Every structure is written in C-alpha cells, then in structure tokens.
Amino acid sequence: MSGRMFFPADPYRQFGRRLWAPPRCVRRSWFPVLAPADLPNNRASTPINGLMLEHTTAGDIHHGARTNERFQSGLLPVYHGEKLTGILDITADGVARSAVVAMREARGLDHQVAGLDGQPLAPTLQVLDGLDRLVIADDRLLEDTAALASVRQWIIRGGAAWIMLDRTDPDLLDGLLGEARCCQIVDRVDLMEMRLHGTGLGGKPQEFAERLLEAPVPMARVLTSDVEIVHSVDNWPAAFWKQVGRGRVLVTTLGARGWTRRRSPEDPVPAAASKRIDWLATEPFERLAYEFYQPIQAVELPPEVAVQYAQGRVGYQVASRGVVIGTIACFVLALLVVASVMATRGKLEHIGWIGPSLAIASAVVLVVVGRSTRSQVPPTAASIQLIDVAQDQRDLVTEGQLATFLPEAGLVTLAGSQSLVEIDALGSSGTAKVVTCTDLDRWSIDEISLTGGVHMARIQTTETLAHPIRAIARFDQTGLVGQIEPGPFENLDDAVIMARRAASLGVVFDGADQFHCPREGALPAGKFLTSSVLSDEQRRREAVYRGLVFPSPAEGEPVVSDPAIFIWADLAESGVIFPEGTRCVGSTLLRVPLQFESPKPGARVAIPATFLPFESVPGPGRIGPAPTYSNSTGAWISPLTEPARTVLEFAIPASIRPARVERVVLHVSIRAPGRKLELATVDGEQFVTLATRENLVGQFSFDLTETEYLQPNEEGKILIALDVGPMSANESRTIDAQGWGIDDVRLELEATVLPPQEKSP
C-alpha cells in the first residue's frame, strides 16, 4: 500500500511512501513533504489532502476516505516566525519547555515551541530544516541511531542544539559530537544553593549573586576538554559551547531551574495574557540566550553561480569547425564560379538572385548538420556539488545543483537513495509529479513530463565515511606545506586556500596528497587559480570561487571564514539514479578546514599573508578605530580627502607562538598622489616611524628592517600604523584637490619559533 499527501492549491505535486504491512498489524511511517513557497502569511494553518491506496493485481483501491469522498482532508499548522525552536522532551514536568520559553522571552522572540513529545523523529536531514534551534532533554535518540545521525549531520551543516546533560545520558552527547567528544561525567548531585561564575552580557568575568533554590536542582559534574566554558558552579562547568562543523552545541550540566527564576511582582506585566510566563531567565541565562540565537552561516553555493556552472557543463555538441569552414568555403567557391560563368555570358545581373539562393542553401546545410549533431548527444546530467567537511567528523552533507539535458521532449523517471531532489523546477503543468519513498529509504519520481533542453533541480545527499577527511599543514622556511587525506575523492586539482578578509593563496600539489604554498603565493584580488591560461572548466571553477568570496547582495555574506583549503575532485556519488543511457558529468568542490601542526622550537618559518589577518584598532590617544577600514566587511573606505592614521593589528598563527619576528614585508596598494605615506608602529604610547614614501600610486612593498619594534605581544599581535598626510603645497598647485584611498594591505613575515617557556624580547 502507499499513502500520498498534497496541497489543494498544487494537486500536481504529490508526496508519499510505499510500504508493506502484514495482516492485522499497525504501521507508522513518514515521508518528506515540500510545502509551497506561496503560503498565505495571515493564516496559522493550511489545508492539506491525503489518500491511502492498496495496490492489487486488479488495480489501486482507495482506503480510509469518508463516504463519497475521494480524499481525506485536514489542516497543517504553519509557523511564520523567523526562528522556531524544537524540543525533544517526553517528561511531563514541563521544566525543560518553560526554560526554552524563558530563553526565547529573553531574546524578544515569541513563545512558540515545536514540541516533538512522544513522536518518532524521521531519520532524514530534511526533517529538521524547519527548525532554527533544537533542544534535547531526553534520551529518545539513543534508541534510534538513524535519527541520531540525522541530528548530528544537521548540526554539522550549521544547526544549533542545546543538550541538557542533567536530563540526558552522556552517551547521547558522544553520539551527537561524533569524533569530537569533549566531556566525561564524574557524578551527579542536587543543589539547594549555588553561586554561578562566568561571563556577563559584556563578555567580562563576573560573579553572580548566590541563590537559595526552592527545590533541589540537579547538576552533572563533568571534566571537559577543548570546549568554551562560559559558566561554572564551584569550579565545575555549568554551561559550555562545543563547535561541531558549522554548527554549535550548548551543553548545560545545571538543571533548568538553576537558570530561571519565578516571576516576581516587580517584573513588568505583559499587556496580553497570552504573553505572560511564570518563569523568567536569570542574568547568566540571558547571556546563554544571546549566544544561542546568534546566526550561524552555512557554506552553500550561491544559487546563480551553481546554476551557471551546471548549465555550462551540459553544452550539447554543435557542428565542428571544419564542417562550418567547409560549408562557407563551398559557398564562396560556388559564388565565384557562378559569377565567372555569368560574366562570360553577359548575364552578371542574375547574381542578384543566385547569390542569396546559395547563401540560403548553405544556411540550410548548417541547420541540418547542427540538428543532427545535437540529436547525437545522449541525455546528460551535469552536477556541481559542495561538501563542507567538518573537522574530525566522518559525516558528509553534500549540497549541489543538477542540470539535466534532454535532446527531445519525453517522460523521465528519476530514482535514488540517501538523497533529496527538489522538484519545483522539474516537470510541466498538468502532469502529476509524485515523489514516492519506500521501506528501503529509496525514492522515485515516475514519468515526469519534460520538454527538450536543460532543466535545473537542487540535490542534497548525506554519507558517512570510514575515516574523516583531513588537511594537515605546518609552516616552514618556504611557506606552508601539508598533506591531504581525501578519503574516497580522487583527481584533486585547482586548489586554493581562502580565509575571510585575506588574500587567496595558491596551492601546488607535489603528488597525490602532498601540497605546498610558497610565501609569495598570495593571489591578486579576484583571482583564485595559479594557472596563467585557464581552460573552460577552470574558468567555470574560478567563477564559483568568486561567487563564494564576493556574493551578490541578495545572496548575503561571503561563506569563507576560517582558513580552509578548497579542492576540486571527481564527481561524488549523488545518490540519484538516472535513466539508462544518461551521461553523468560534473565536479565536487571540497572545503576542508586546515589543522595546523606546530614547528619545532628554533625552526625558521615564513608566513604568507593569508594567515596574517588584521583589523583596525584605536591607536594611542584615540577612542575608536580610524574611519578608513571596516572590520565588519573587510573593505577599505575611499575616497578620503582628509589626512588619516590607521592602526592595524595583525594576528600571528597560534601554531607558531611564541615566536621572534626576523623579517617583515608590508605590501600596500594605494592611490595617494601628492601625499606622504608614513609607516609606524606603537611603542607604549608613542609611534615609532619605520618608513616613509611620497606620491604613491600603485602597489608598493616595504621591507621593514627595524624588527625590534615589531615583536608580537603576549597575544601574538603586531601593530602597524599607516599615516597618510595632507597634500603638499607644491603638488596642490598642479594637482586638483582629489581623494586618496588604500585598496589593499598584506603582511608577510619570517620568524623563529621559540620554546614554550621563552618569550620574544
């Protein structure tokens, strides 16, 4: 039998599951449903229809419908808010739910919580796409390893989860973190009084007032490693963060009543009775709420860039250059012969109709040849996939775009496993598109009516590897060297290292998995491949890189953040099964975070500009940074007319600290005709001049030899000031008053790694 569901406004798009049920038994199952994009914003629910079919040799039989009705109808709740929090809690005390509502209240959000109480969680990543945050307050996932893996993949992809460790088993936390396990439970205690230590809303260390609790509050006392502890009780972690891939996990070991308090008469009374809650967030809980609802950006291919790449890989064949040149040559030769014959006979005026006739005949030949070559191209499926590899995780989530090419119109059947194909762009009106799942977690879309040409669809797949994919690197005297553990991916090529607000760094492979990046390998702005002459495929790949770094305003912020290596590889298994005879082409783009090894003490290292990020900071005597550089966007502001001094703080990689700086080279791209540029550093409250140069237009390099003033502080930071002065009086006579601007600043340095106990002078 099979069950189907569809929205009345779009009856041609249906979703369902085909399953087998033994006699006299009850089965519960699930299947994904893609809601229409044009749901009314003023309604809390939307109508939905469903039907049950029994498949027999005599045909399909409808079951479960009301009398004289073909379908069952109902209402599906719709949430129109920006952030929806789901909670897994099968207990009836309501403590966890009240804490979640108090957290949302502290962030100014509504009190809507999606309770998953007592319901099985579908073992698919897409079931969590409707949630912004997930709170886990029971051990239900321990009994469902498939659902546990889906939640872990959702976190890795960019989800945020809150695990109440006082109410859950530590094995659940280990299962969600995968290879990134971080804590061990010592014991569990009940508290009647407590004092929280941690950080306030301003991020500064703070000791909160001691509290006498109304009833015992449970606490799991744990030992942690590689986590960010934000609150503690008696030196035991009460709340800490763990980064897992793109997502974050908040773990609280203190019971919910330790984070909330009863509403008192002094608290403001909401105007609407529906907005009144009995439990409010305490001050330390407000800090957790602020961090918990911070946006998390996932790495996704900009849709326009992905579509252009996929369509570019389809490219059906056209007539060859030889055929075209030969046809044109025959036309010209025939025209010359006819003209010669007509001239000898004195009838040259007939060329007026013979020439166009020959041209039309040549065009017909080219059209016929073009249509024949196009029809010779088999149906093609071109894909581009992006895999954001999480550090030390074996789970992979693949996002991508699929372009299908059909020479002629026809009916197509798609099938697959462990994947999702978004079918909004597939099919034609008037033909039902039914996405059917089976008991073996396979799906199929039967007989989609497609016109000839290119059609687009979004794909998403999940996979668990035997071993994590890693990129291990270290600095040496030549720059950066490293090794890739690519797992099942082959033919790595066109790699680049990118970081937010930093120059891209070209990668050179020394073999199948060895690579190096020379210290002078930083690429010009807007360039991402080291090849001087690019093939068609490389041009498409560079366009993808450009879209990741410089997205359009509609696509939001760039997805490049911490230093990572981006590598192209052969097309991974998409999980989609295409009709027989379909040609599959495409590529996979891997984003692998870099794991740095520390060089041995005494080693001389060269650090490329990509690994020396900077931000503008206030200099001595200033309250805020100079208005010449935006730390939020990483862009220089121009043109400027007034003189300005910009103090930049460069951060040395943690893997080489402590270190003694031996050489500093600063590259500046500047437009300041008639002005003087002075480079300086900060010594206490004074500026020390390092170099000066006048009338600069273009890109310049400064070898700063006075390294005694450029040693990093205890935090591994180096300060360099760029002071652009006023226009000189002599130049102002010949140069009209015009603005100046800095386009780019890059720092390269060489350093000697010091022993851990030794500090740079």
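All right, on to the sheet that holds strand β11 (residues 196–199) then. Read across the sheet, 9 strands follow the order β7-β6-β8-β9-β16-β15-β14-β11-β12 without closing on themselves; strand pairing throughout is mixed. If you trace the sheet from one side to the other, it starts and ends with β7 (113–115) and β12 (205–207), each paired once. The average undirected angle you get between the axes of adjacent strands in this sheet is 20 degrees. Across 4 bridges, the pairing between strand β8 (residues 133–136) and strand β9 (residues 160–164) is parallel. Paired with Leu134 across the two strands is Ala161, which belongs to β9.

Next up on the list: the packing of aromatic side chains. Counted according to the given criterion, the structure contains 16 aromatic pairs. Aromatic pair Tyr309 and Trp568: ring centres 5.7 Å apart, planes at 25 degrees, arrangement stacked. One end of the pair, Tyr309, is in helix α5 (residues 303–314); the other, Trp568, is in strand β32 (residues 564–570), and 259 residues separate them in sequence. Judged on exposure class, the residue Tyr309 and its partner Trp568 are both buried. Taking the centre distance of 6.0 Å and the plane angle of 40 degrees together, the rings of Phe528 and Tyr545 count as tilted. With Phe528 in the loop between β31 (514–518) and α8 (536–549) and Tyr545 in helix α8, this residue pair connects regions lying 17 residues apart in the sequence. Note on Phe528: relative accessible area 3%, which makes it buried. Relative accessible area serves as the criterion here: at 0%, Tyr545 is assigned to the buried category. Three or more aromatic residues joined by ring pairs form one cluster here, namely Trp162, Trp241, Trp259, Phe285, Phe292 and Tyr293. Sitting over the face of the ring of Trp30, Arg17 holds its NZ or CZ atom 4.6 Å from the ring centroid. Positioned above the aromatic ring of Trp241 is the side chain of Arg248, whose terminal nitrogen or guanidinium carbon lies 4.1 Å from the ring centre.

Mapped onto the elements, Thr282 comes out in the loop between β18 (279–281) and α4 (283–292). Excluding its chain neighbours within four sequence positions, the residues that come into contact with Thr282 are Arg211, Trp259, Thr260 and Arg261.

Moving on, we get to the packing of helix α1 (residues 95–106) against α4. For the pair α1 and α4, the least separation of the axes is 9 Å and the interaxial angle reads 75 degrees. The orientation of α1 with respect to α4, classified from their angle, is roughly perpendicular. Contacts between α1 and α4 involve Ala99, Met103 and Ala106 from the former and Phe285, Glu286, Leu288, Ala289 and Phe292 from the latter. Classifying every residue of the contact of α1 with α4 by side-chain character gives 7 nonpolar, no polar and 1 charged.

Below, the discussion takes up the packing of α5 against α8. Interaxial distance between α5 and α8 falls to 9 Å at its minimum, and their mutual angle equals 170 degrees. In terms of their interaxial angle, α5 and α8 are classed as roughly antiparallel. Taking contact as the criterion, the partners of Val305, Tyr309, Gly312 and Arg313 in α5 are, on α8, Glu537, Arg540, Arg541, Ala543, Val544 and Gly547. Grouping the constituent residues of the contact of α5 with α8 by class yields 4 nonpolar, 2 polar and 4 charged.

Here the focus is the environment of Val688. Positionally, Val688 belongs in strand β41 (residues 686–704). Classification of Val688 by relative accessible area gives buried; the value is 17%. Sequence separation between Val688 and Glu706 is 18 residues, and the spatial gap between their C-alpha atoms is 10.0 Å. Setting aside chain neighbours within four positions, we find Val688 in contact with Leu679, Ala680, Thr681, Asp683 and Tyr709.

Cis geometry marks the peptide bond from Ser638 to Pro639, where omega comes out at 0 degrees. In this fold, Pro639 is placed in the loop between β38 (635–636) and β39 (644–651). A cis amide bond, omega -5 degrees, links Arg657 with the succeeding residue Pro658. Tracing the chain through its elements places Pro658 in the loop between β39 and β40 (659–683). The backbone of Asn235 shows a phi angle near 70 degrees, a positive value even though the residue is not glycine. As for its placement among the helices and strands, Asn235 is situated in the loop between β14 (228–233) and β15 (236–244).

The next thing to look at is the pattern of salt bridges. Summed over the entire model, instances satisfying the criterion amount to 36 salt bridges. The partner of Arg541 in a salt bridge is Glu537, and the shortest N-O contact between them spans 3.0 Å. With Arg541 and Glu537 both in helix α8, this residue pair falls 4 residues apart, about one helical turn. Take Arg541: its relative accessible area is 10%, and that puts it in the buried class. A relative accessible area of 15% means that Glu537 is categorised as buried. Here the residues in one salt-bridge network are Arg313, Asp494, Glu537, Arg540 and Arg541, joined through shared partners.

With 13 residues, helix α2 (residues 145–157) should reach 18 Å at 1.5 Å per residue; the first-to-last C-alpha distance of 18 Å fits that figure. Burial analysis of α2 places 10 of its 13 residues in the buried class, which makes it a mostly covered element. Backbone geometry just after α2 places Gly158 at a positive phi near 135 degrees.

Let us look at the side chain of Gln460. Within the fold, Gln460 resides in strand β25 (residues 453–464). Gln460 sits in the buried class, given a relative accessible area of 1%.

Moving on to the confidence of the model for the chain. Overall, the predicted model of the chain reaches an average pLDDT of 84, with 89% of residues at or above 70. At the level of individual helices and strands, the chain shows its lowest average pLDDT in helix α9 (residues 729–734), which scores 57, and its highest in strand β35 (residues 604–607), which scores 96.

Cut-off values and rules
Residues numbered from 1 in each chain as written. Predicted model: local features only at pLDDT ≥ 70, side-chain atom pairs only at ≥ 80, totals over all residues. Heavy atoms only, no water. Pairing = 2+ DSSP bridges. Helix = DSSP H or I, 4+ residues; strand = E, 2+ residues; numbered from the N terminus. Axes fitted to C-alpha atoms, helices over the stretch in contact; angles between N-to-C directions. Phe/Tyr/Trp six-rings, centres within 6.5 Å; stacked < 30°, edge-to-face > 60°. Buried < 20%, exposed > 50% of the residue type's maximum accessible area, 1.4 Å probe, protein only. Lys NZ or Arg CZ within 6 Å of the ring centre and 35° of its normal. Contact = heavy atoms within 4.5 Å. Parallel < 35°, antiparallel > 145°, perpendicular 65-115°, else oblique. Nonpolar A, V, L, I, M, F, W, Y, C, P; charged D, E, K, R; others polar. Salt bridge = Lys/Arg side-chain N within 4 Å of Asp/Glu carboxyl O. Expected span 1.5 Å × (residues − 1). pLDDT = per-residue confidence, 0-100.

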